[in-house]
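Each chain is listed here by its residues.
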Amino acid sequence: MDLKPKNKKKSPSGTYCKVNGQTYKKIEKQLLFVRHAEGFHNSLFDEKKVHEAISIRDPDLTPLGNCQVADLKKEVDVLIKSGVKIEKVIVSPMTRTLQTAWGTFGGHNIPFQACHLITEYSDAPCNYGTRKSQIEHSGLRWIFGVVPEIWWNEDESDVTITLRAKRFREWLFQAA
């Protein structure tokens, strides 16, 4: 996985842009997207056990997934030691993504924000979440302010996922 920052063009300060009728000040940010490490359902898909894989609700990481997280943490630690500033970790409230993010970025003084708008396509129990109140008691230091108690949609369609992606982009502009 290549985590090297890309060269970016500077935008002039004080400029504005319009997104969906809202006006925002242009702010230069770098976004780093990280997919979750291997979850138990992924390992079952690899073994061609599809029915079992999709039946596990909100699965944890596998031992291999935890090794993948440890490797990614080493890369992130190098970036941080080289001077890259990470302002915030925004993560889906799925268990495997929370475990990946915490294992990768935990131990640094970085705030963590859970956001239900950036989660898997809810097409099977393995992609259905866990109630916010249960996650909040997991012992991890997360900010769950914007996450509803039941934050996944078990009847998700192409239309609802498109709307969710739009809402995430709008939220991201406001959160910046």
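### Focus: helix 4 (residues 95–105)
Burial runs high along helix 4: 8 of the 11 residues are buried. Along helix 4, the residues classified as buried are Thr95, Arg96, Thr97, Leu98, Thr100, Ala101, Thr104 and Phe105. Gly107 lies just past helix 4 and shows a positive phi near 95°.

### Overview of the nonpolar core
Ranked by internal contacts, the top residues of the largest apolar core, which has 18 residues, are Val89, Ala101, Phe105, Phe112, Trp142, Phe144 and Trp151. Of all the secondary-structure elements, those providing two or more residues to this core are helix 3 (63–81), strand 3 (89–91), helix 4 and strand 4 (112–114). Considering each element in turn, this core owes the most residues, 3 residues, to helix 4. Setting aside residues up to four positions removed in sequence, Trp142 forms contacts with Val91, Leu98, Ala101, Trp102, Phe112 and Gln113. Listed in part, the 5 residues of the second largest apolar core include Leu117, Phe168, Trp171 and Leu172.

### A closer look at helix 3
The α-helix winds at 3.6 residues per turn, so residues separated by three or four positions along the chain end up facing the same way. For helix 3, which comprises 19 residues, the first-to-last C-alpha distance of 27 Å matches the rise-based estimate of 27 Å (1.5 Å per residue) to within 8%. Turning to helix 3, its buried residues number three or more, namely Gly65, Val69, Leu72, Val76, Asp77 and Leu79. Down the axis of helix 3, the buried set is contained in an arc of 150°. They therefore lie on one face. Among the exposed residues of helix 3, those pointing more than 90 degrees away from its buried face are Pro63, Lys74, Val78 and Lys81. In the core, the buried residues of helix 3 are packed alongside helix 4. Positive backbone phi, approximately 110°, marks Gly83, located one or two places after helix 3.

### A look at the packing of aromatic side chains
Under the defined criterion, the tally for this structure stands at 3 aromatic pairs. Considering the side-chain rings of Trp102 and Phe112, the 5.0 Å spacing of their centres and the 50° angle between planes classify their relative orientation as tilted. Here the residue Trp102 occupies a position in helix 4, and Phe112 occupies one in strand 4, the gap between them amounting to 10 residues. The exposure class of Trp102 is partly exposed, given its relative accessible area of 25%.

### Some points on the pattern of salt bridges
Taken as a whole and assessed by the stated rule, the structure comprises 8 salt bridges. In this structure, the salt-bridge partner of Glu149 is Arg131, at a minimum N-O distance of 3.9 Å. Residue Glu149 is found in the loop between helix 5 (132–136) and helix 6 (158–175), and its partner Arg131 is found in the loop between strand 4 and helix 5; the two are separated by 18 residues along the sequence. A residue is classified by how much of its surface remains accessible, and Glu149, at 32% relative accessible area, is partly exposed. On the accessibility criterion, Arg131 (38% relative accessible area) is partly exposed. Here Lys166 and Glu170 are joined by a salt bridge, their closest N and O atoms 3.9 Å apart.

Criteria and cut-off values
- Residues numbered from 1 in each chain as written.
- Predicted model: local features only at pLDDT ≥ 70, side-chain atom pairs only at ≥ 80, totals over all residues.
- Heavy atoms only, no water.
- Buried < 20%, exposed > 50% of the residue type's maximum accessible area, 1.4 Å probe, protein only.
- Helix = DSSP H or I, 4+ residues; strand = E, 2+ residues; numbered from the N terminus.
- Core = buried A, V, L, I, M, F, W, Y, C linked by side-chain atoms within 4.5 Å.
- Contact = heavy atoms within 4.5 Å.
- Expected span 1.5 Å × (residues − 1).
- Arc of directions from axis to C-beta.
- Phe/Tyr/Trp six-rings, centres within 6.5 Å; stacked < 30°, edge-to-face > 60°.
- Salt bridge = Lys/Arg side-chain N within 4 Å of Asp/Glu carboxyl O.

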